[in-house]
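Working through the structure, step by step
One letter stands for each residue in the lines below.
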Amino acid sequence: DSHYTPSEHFQALLQFRRKHGHCSVPTKSRENPALGRFVSTQRCEFRKFTSGARSLIDKNKIDKLNSIGFTWSLLGTTNGRQSGIPESSTQDAV
């Protein structure tokens, strides 16, 4: 995945959303394995961020992913859709 830039991953995520109508990319995506690994990493880093641990993700990246309806957890999704995380989750974690 190191040969893809964060911008390229984000663009691939936007393409996935246009095609499928959601951002619930499976971790082991057959369609785009690199995108699956990228979203898995974002979810892992988000859990670290919200727990107060050292993380590679920051509020700007979280806001950018939230702006397109990124799914932070595949648990509790219905047909690839999730209501999203509360706004206060990112504000309190900063």
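This text goes with the structure placed above it.
So, here is what we can say about the structure in this document. (Residues numbered from 1 in each chain as written. Predicted model: local features only at pLDDT ≥ 70, side-chain atom pairs only at ≥ 80, totals over all residues. Heavy atoms only, no water.)

**Some words on the environment of Pro6**
- By the secondary structure assignment, Pro6 is in helix α1 (residues 6–20).
- Classification of Pro6 as exposed rests on a relative accessible area of 62%.
- Along the backbone, Pro6 and Lys61 are 55 residues apart, and their C-alpha atoms lie at a distance of 9.9 Å. (Helix = DSSP H or I, 4+ residues; strand = E, 2+ residues; numbered from the N terminus. Buried < 20%, exposed > 50% of the residue type's maximum accessible area, 1.4 Å probe, protein only.)

**A few points about the nonpolar core**
- Judged by nonpolar contacts, the single largest core of 18 residues is most densely connected at Leu13, Leu35, Val39, Leu65, Phe70 and Trp72.
- Counting residues per element, the ones that place at least two in this core are α1, α2 (33–51) and α3 (59–67). (Core = buried A, V, L, I, M, F, W, Y, C linked by side-chain atoms within 4.5 Å.)

**Description of the packing of aromatic side chains**
- Under the criterion given, the structure shown has two aromatic pairs.
- Aromatic side chains Phe46 and Trp72 sit 4.2 Å apart centroid to centroid with 25° between the ring planes, which places their arrangement in the stacked category. Note that Phe46 is positioned in helix α2 and Trp72 in the loop between α3 and α4 (87–93), a separation of 26 residues in sequence.
- Note on Phe46: relative accessible area 8%, which makes it buried.
- Consider the rings of Phe70 and Trp72, whose centres lie 4.6 Å apart with planes at 75°: the pair is edge-to-face. When sorted by exposure, Phe70 lands in the same class as Trp72, which is buried.
- Through successive ring pairs, a cluster of aromatic residues spans Phe46, Phe70 and Trp72.
- It is Lys64 that lies over the ring of Phe10; its NZ or CZ is 4.4 Å from the centre. (Phe/Tyr/Trp six-rings, centres within 6.5 Å; stacked < 30°, edge-to-face > 60°. Lys NZ or Arg CZ within 6 Å of the ring centre and 35° of its normal.)

**Topic: the pattern of salt bridges**
- Applying the stated criterion across every chain yields a total of three salt bridges.
- Lys19 is the partner of Glu31 in a salt bridge, and the nearest nitrogen-oxygen pair spans 3.6 Å. In this pair, Glu31 sits in the loop between α1 and α2 while Lys19 sits in helix α1, placing the two residues twelve residues apart along the sequence.
- With a relative accessible area of 60%, Lys19 lands in the exposed category.
- Between Lys59 and Asp63 there is a salt bridge whose closest N-O contact spans 2.8 Å. Residue Lys59 and its partner Asp63 are located together in helix α3, separated by four residues, close to a single helical turn. (Salt bridge = Lys/Arg side-chain N within 4 Å of Asp/Glu carboxyl O.)

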